[in-house]
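Coordinate inspection notes
Letter by letter, the chains look like this.
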Amino acid sequence: MNVLVTGGAGYIGSHAVQRMLRDGHQVVAVDNLFRGHAEAIERLRATSGDRLHFYQADTGDRNRMHEIIVNHKVTSVLHFAALAYVGESVTQPLRYYRNNTAATLGLIEAIEMAGGQVNRLVFSSTCATYGEPGEQYIPIPETCPQAPINPYGASKLFSERMLFDYAASKRVHGEEKGGRAAVDEKPGTFGFAALRYFNVSGCDRSGLLGEHHEPETHLVPVVLQVALGQRAGVTIFGSDYPTPDGTCVRDYVYVEDLIDAHVAVLDALGPGDERTYNLGIGRGYSVREVIESARRVTGHAIRATEGARREGDPPRLYADARKIQRELGWRAKTTDIDEIITTAWRWMQKHPRGYEQK
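A brief structural summary. (Residues numbered from 1 in each chain as written. Predicted model: local features only at pLDDT ≥ 70, side-chain atom pairs only at ≥ 80, totals over all residues. Heavy atoms only, no water.)

With that out of the way, let us pick up the overall build of the protein. When its secondary structure is counted, the protein shows eleven helices and 14 strands. The proportion of buried residues among the 358 residues of the protein is 54%. Nonlocal contacts in the protein, meaning residues at least 24 apart in sequence, comprise 79% of its contacts between residues at least 6 apart. Just so you have it, the protein exposes about 15600 Å², and 48% of that area is on carbon and sulfur atoms. Side chains of the protein give 41 positive and 44 negative charges; the mean places of these two sets differ by 2 Å. (Helix = DSSP H or I, 4+ residues; strand = E, 2+ residues; numbered from the N terminus. Buried < 20%, exposed > 50% of the residue type's maximum accessible area, 1.4 Å probe, protein only. Contact = heavy atoms within 4.5 Å. Areas by Shrake-Rupley, 256 points an atom, 1.4 Å probe, with all protein chains shown as cover. Lys, Arg positive; Asp, Glu negative; His and termini not counted. Charge placed at Lys NZ, Arg CZ, Asp CG, Glu CD.)

By the burial criterion, the buried members of helix α2 (residues 38–48) are A40, I41, R43, L44 and S48. End-on view of α2: buried residues confined to an arc of 160 degrees, all on one side of the axis. (Arc of directions from axis to C-beta.)

This paragraph deals with the packing of aromatic side chains. Scanning the entire structure with this criterion turns up five aromatic pairs. Between F164 and F192 the ring centres are 4.9 Å apart and the planes differ by 85 degrees, which places this aromatic pair in the edge-to-face class. Taken together, the residues span a long stretch of sequence, with F164 in helix α6 (residues 151–169) and F192 in strand β6 (residues 191–197) at a distance of 28 residues. Its relative accessible area of 0% is what places F192 among the buried residues. Centre to centre, the rings of Y166 and F190 are 5.0 Å apart; their planes meet at 70 degrees, and the pair counts as edge-to-face. With Y166 in helix α6 and F190 in the loop between α6 and β6, this residue pair connects regions lying 24 residues apart in the sequence. By relative accessible area, which is 12% here, Y166 ends up buried. For F190, a relative accessible area of 2% corresponds to the buried category. The ring of Y285 has R283 sitting right over it, with the charged end atom 3.9 Å from the ring centre. Between R309 and the ring centre of Y241, over which it is positioned, the NZ or CZ distance is 4.0 Å. (Phe/Tyr/Trp six-rings, centres within 6.5 Å; stacked < 30°, edge-to-face > 60°. Lys NZ or Arg CZ within 6 Å of the ring centre and 35° of its normal.)

What follows covers the pattern of salt bridges. Per the stated rule, a full pass over the model turns up 23 salt bridges. A salt bridge links R45 to E42; the shortest N-O distance between them is 2.9 Å. With a gap of three residues between them, R45 and E42 both fall in helix α2, about one helical turn apart. Between D320 and R322 there is a salt bridge; the shortest N-O distance is 2.8 Å. Under the relative-accessibility criterion, D320 is labelled buried at 11%. The exposure class of R322 is exposed, given its relative accessible area of 55%. Within this structure, R19, D23, D260 and K333 form a network of salt bridges that share partners. (Salt bridge = Lys/Arg side-chain N within 4 Å of Asp/Glu carboxyl O.)

With respect to the secondary-structure elements, H351 resides in the segment after α11 (337–350). A relative accessible area of 10% places H351 in the buried class. As for H351 and G207, which are separated by 144 residues in sequence, their C-alpha atoms are 9.6 Å apart.

Here the focus is the packing of helix α7 (residues 219–227) against helix α9 (residues 287–298). Where α7 contacts α9, the two axes come as close as 10 Å, and the packing angle between them is 45 degrees. Comparing the axis directions of α7 and α9 gives the class oblique. By crossing handedness, the relation of α7 to α9 is classed as right-handed. Residues L219, V220, V223, L224 and A227 of α7 form the contact with α9, whose own contacting residues are V287, V290, I291, A294 and T298. Considering only residue class, the contact of α7 with α9 consists of nine nonpolar, one polar and no charged. (Axes fitted to C-alpha atoms, helices over the stretch in contact; angles between N-to-C directions. Parallel < 35°, antiparallel > 145°, perpendicular 65-115°, else oblique. Left-handed = near helix turned anticlockwise from the far one by under 90°. Nonpolar A, V, L, I, M, F, W, Y, C, P; charged D, E, K, R; others polar.)

Next up, the structure:
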């Protein structure tokens, strides 16, 4: 299989490239390196020979993407390229609509220009498309209303809608008669799936790849930075929520399990498929539980102070992932928070400055 991975130098994208190479596929990775890491690609190249091709390019550049797709005879796409800071999306919304939504449009246009060569696409979406679900939707199913509360979630939702509309346009319709379409609609030639992630955490167990964001905002690496002495402490934003210990509860899915889900979905996609799946472990860990886990794993007394709630932080968010388990047999294998944090800690000890560490 010839697979295009957009955002292939990023945290999740690089793990996907690694898995595709491990499975024997020819991989084309594209990343503009705005927040991706060339070092991740170099590490993967060193283990894959000539099966990995990398292009520093913008996913939204439809002509360049068309050229790459055609030259490498790409038939399948894993689309990860995006910006993903919620706070930044609020202060710089246009950056998110250009880099996330408009770039997806450019990619779809490049696929269209390739004339049916690409028949499968798996899209990296987010649970942020659900906004703030009421307690009646916890755990969150795919049928939960999508009502994002920030530009990041909206940018991903608009991308989902474009993919639904594009897939619908590829269906075979009967000739319109009397102002009404004939009923003999047939499956289309393009299949896609939108995978709505919860909190992706941990690092590749081999130690080749890891999580490196600038700035870092994710709870697990932030807490581990405290253990490394890179931060004085961690702030708990709100300790009076209606949860067992008063702090927010979130679903943490291990990155390699997440990639396993992408493989399962890509293998299952057929012509005309339009699928959505939530990816999580189906339960949550509180902020205090994550901090206590990091203390156990690292052996460090991680300083934590209580702060005020952040606007827009629901008490509980975790996935109902039974749909993908029922349809494709996928379920997260690594659900213990200590095990997830151990993989991240192993990476951060060896790479305290991330990919800047030589």
